[in-house]
Amino acid sequence: MTDGALILATLEAVAERHGDPTAEIYAELFAAHPKLEKLFWLDRDGSVRAAMVQQGLECILDQVGEGRTAVTIMADERSRHHGYGVPAERFDDFMIAIRNAFRRILGEAWTGGMERAWQCLLAEFAAIR
Ligand code: HEM
C-alpha cells in the first residue's frame with residue numbers, strides 16, 4: 001500500500017470503529033499541552049474546535065490526494081494562528097494530536113506501515129512555512 005492509501009485506510013478505520021474523533025483529538029492535544037486549552041475559552045459551543053478538525057482532515061485528504069490546497073491552507077493558518085496567541089512551536093502539535101488519537105482509537109489495528117505513513121505526513125506538514 002502507498003503511504004496515501006495507508007493514511008486513507010486509517011481515516012476509514014477510525015470512522016468505522018469510532019465515528020467522530022473530535023473529543024479524542026483535543027484530549028490528546030490538551031493532555032500533551034494543557035496551556036493550550038485556555039485559548040479556546042470563547043469556544044463555548046465547540047464550533048471552533050469542530051471547524052479545526054474539519055479543516056485538518058481536509059488538508060490531510062488533499063495532501064495524500066490531489067495536493068492542490070493543503071500547502072496554502074497550512075501556511076496561511078500557521079501565520080494566522082500567531083495572531084490567535086498560538087506559540088509557533090505548538091502549531092504542528094494539532095496534526096500530531098490527530099495521529100495520536102487515531103493510533104489510540106485503532107489500538108492493535110494500528111500497523112507499522114500506518115506509523116511510517118503518518119510520520120512522513122507529519123514531516124511534510126511541519127515543513128510547510
Ligand atoms: C496546537 C495547534 C493549534 C491551536 C492551539 C489552535 C487554536 C485555535 C484557536 C484558539 C482558534 C480560535 C481563534 C479565534 O477565533 O479567536 C482557532 C481557529 C481556527 N483554527 Fe486553529 N489551532 C491550532 C492548529 C490549527 C491547524 C493545524 C489548523 C488547520 C489545519 C487550524 C485551523 C483553524 C481554523 C479553520 C480556525 C477558525 C475556526 C472558526 O472560526 O470557525 N488550527 N485555532
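That block above? That's the structure.
Remember, it's a predicted structure, so these values are computed and weren't measured experimentally. (Residues numbered from 1 in each chain as written. Predicted model: local features only at pLDDT ≥ 70, side-chain atom pairs only at ≥ 80, totals over all residues. Heavy atoms only, no water.)

(A) Looking closely at the coordination of the iron atom of the ligand. Protein coordination at the iron atom of the ligand comes from M52 (SD) and H81 (NE2), with a distance range of 2.0 to 2.6 Å. With 6 donor atoms in place around the iron atom of the ligand and angles of 80 to 178° between them, the coordination shape is octahedral. Of this pair, M52 sits in helix α3 (residues 47-63) while H81 sits in helix α4 (residues 70-83), placing them 29 residues apart in sequence. On the basis of relative accessibility, which here comes to 12%, the residue H81 falls in the buried class. (Donors = N, O, S within 2.8 Å, 3.2 Å for Na, K, Ca; no water. Tetrahedral: all angles 85-135°; square planar, octahedral: opposite > 155°, others 65-115°. Helix = DSSP H or I, 4+ residues; strand = E, 2+ residues; numbered from the N terminus. Buried < 20%, exposed > 50% of the residue type's maximum accessible area, 1.4 Å probe, protein only.)

(B) Up close: helix α5 (residues 93-106). Along its 14 residues, α5 runs 20 Å from first to last C-alpha, staying within 8% of the 20 Å computed at 1.5 Å per residue. Summarising burial for α5: 11 of the 14 residues are buried, a large majority. For α5, the set of buried residues is D93, F94, M95, A97, I98, R99, N100, A101, F102, I105 and L106. Where α5 is buried, its residues touch α1 (3-18), α2 (22-32), α3, α4 and α6 (112-126). (Expected span 1.5 Å × (residues − 1). Contact = heavy atoms within 4.5 Å.)

(C) Molecular detail of the site of the ligand. Around the ligand, the surrounding shell holds 17 residues, and the nearest of these are L39, M52, Q55, H81 and R90. Take H81: an N or O atom from its side chain is 2.8 Å from a nitrogen atom of the ligand. Applying the majority rule of atoms within 2 Å of the grid points places the ligand in the largest pocket. Broken down by secondary-structure element, the contributors of at least two residues to the shell around the ligand are α3 and α4. It is α3 that contributes the most residues to the shell around the ligand, 5 residues altogether. Considering only residue class, the shell around the ligand consists of 12 nonpolar, 3 polar and 2 charged. (Near = heavy atom within 4 Å. Polar contact = N/O pair within 3.5 Å; in protein donor to acceptor, adjacent residues only side chain to side chain. 1 Å grid on protein atoms, 1.4 Å probe; cavity = no way out; pocket = protein on both sides within 12 Å on 5 of 7 lines; lining within 4 Å. Sits in = over half its atoms within 2 Å of the grid points. Nonpolar A, V, L, I, M, F, W, Y, C, P; charged D, E, K, R; others polar.)

(D) Layout of the packing of α1 against α6. As a packed pair, α1 and α6 sit with axes 9 Å apart at the nearest point and diverge in direction by 105°. Comparing the axis directions of α1 and α6 gives the class roughly perpendicular. Residue-level contacts link D3, L6, I7, T10 and L11 of α1 to G113, M114, A117, W118, C120 and L121 of α6. (Axes fitted to C-alpha atoms, helices over the stretch in contact; angles between N-to-C directions. Parallel < 35°, antiparallel > 145°, perpendicular 65-115°, else oblique.)

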